[in-house]
Amino acid sequence: MSRNAPVNILDRNLGGRGSRSNADSSVSLSAFAYIYSELVQYHQNRVDSISELERRLESSGYGIGLKMLELQAYRSREYKRETRLM
């Protein structure tokens, strides 16, 4: 791929913009911890029991995990099937 070609949004790094180094384009651990803490507090303030909190966290985590797996599979492109004409 040439340097001037536009990069598809699915091919970009999660935290990156443009062509910065890997250290600059990775998401920091403190940012991830903050977002996780906010997600837990958000659900914690809207429930009455621990089981309901667990259910809500599980459902939000499932959606996030599913999107991350789809993105990872798209980026790896190892799932492409080889096509041969017979």
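Residues numbered from 1 in each chain as written. Predicted model: local features only at pLDDT ≥ 70, side-chain atom pairs only at ≥ 80, totals over all residues. Heavy atoms only, no water.

Re the overall build of the protein chain
What the protein chain contains, in helices and strands, is three helices and zero strands. In sequence order, the protein chain lays out its α and β elements as α-α-α. Taken over 86 residues, the protein chain has a buried fraction of 9%. For the protein chain, the proportion of contacts with a sequence separation of at least 24, taken over those separated by at least 6, is 41%. As presented, the protein chain carries roughly 8100 Å² of accessible surface, and 54% of it is formed by carbon and sulfur atoms. (Helix = DSSP H or I, 4+ residues; strand = E, 2+ residues; numbered from the N terminus. Buried < 20%, exposed > 50% of the residue type's maximum accessible area, 1.4 Å probe, protein only. Contact = heavy atoms within 4.5 Å. Areas by Shrake-Rupley, 256 points an atom, 1.4 Å probe, with all protein chains shown as cover.)

Points about a nonpolar patch on the surface
Taken together, the side chains of Leu-29, Phe-32 and Tyr-36 present a nonpolar region at the surface, about 400 Å² in accessible area. Its place among the elements puts Tyr-36 in helix α2 (residues 29–44). (Patch = residues over 30% accessible without salt bridge, like charges linked within 9 Å, V, L, I, M, F, W, Y side chains within 5 Å. Salt bridge = Lys/Arg side-chain N within 4 Å of Asp/Glu carboxyl O.)

Describing helix α3 (residues 50–76)
Taking 1.5 Å of rise per residue, the 27 residues of α3 would be expected to cover 39 Å, and the 38 Å separating its terminal C-alpha atoms lies within 8% of that figure. Taken together, the buried residues of α3 touch α2. (Expected span 1.5 Å × (residues − 1).)

Considerations on the side chain of Ser-60
Summarising the element assignment, Ser-60 is placed in helix α3. From its side chain, Ser-60 meets the backbone oxygen of Leu-57 in a polar contact 3.1 Å long. Beyond its immediate chain neighbours, meaning those up to four positions away, Ser-60 contacts Leu-39 and His-43. (Polar contact = N/O pair within 3.5 Å; in protein donor to acceptor, adjacent residues only side chain to side chain.)

Focus on the pattern of salt bridges
Overall, the coordinates contain one salt bridge when judged by the stated rule. Between Glu-52 and Arg-56 there is a salt bridge, and its shortest N-O distance comes to 3.8 Å. Of this pair, Glu-52 and Arg-56 both sit in helix α3, four residues apart, which is roughly one turn of that helix. Relative accessible area serves as the criterion here: at 23%, Glu-52 is assigned to the partly exposed category.

Notes on the confidence of the model for the protein chain
Averaged over the protein chain, the pLDDT score is 77; the fraction of residues at 70 or greater is 64%. Looking over the protein chain, one finds the lowest element-wise mean pLDDT in helix α1 (residues 22–25), namely 50, and the highest in α2, namely 90. (pLDDT = per-residue confidence, 0-100.)

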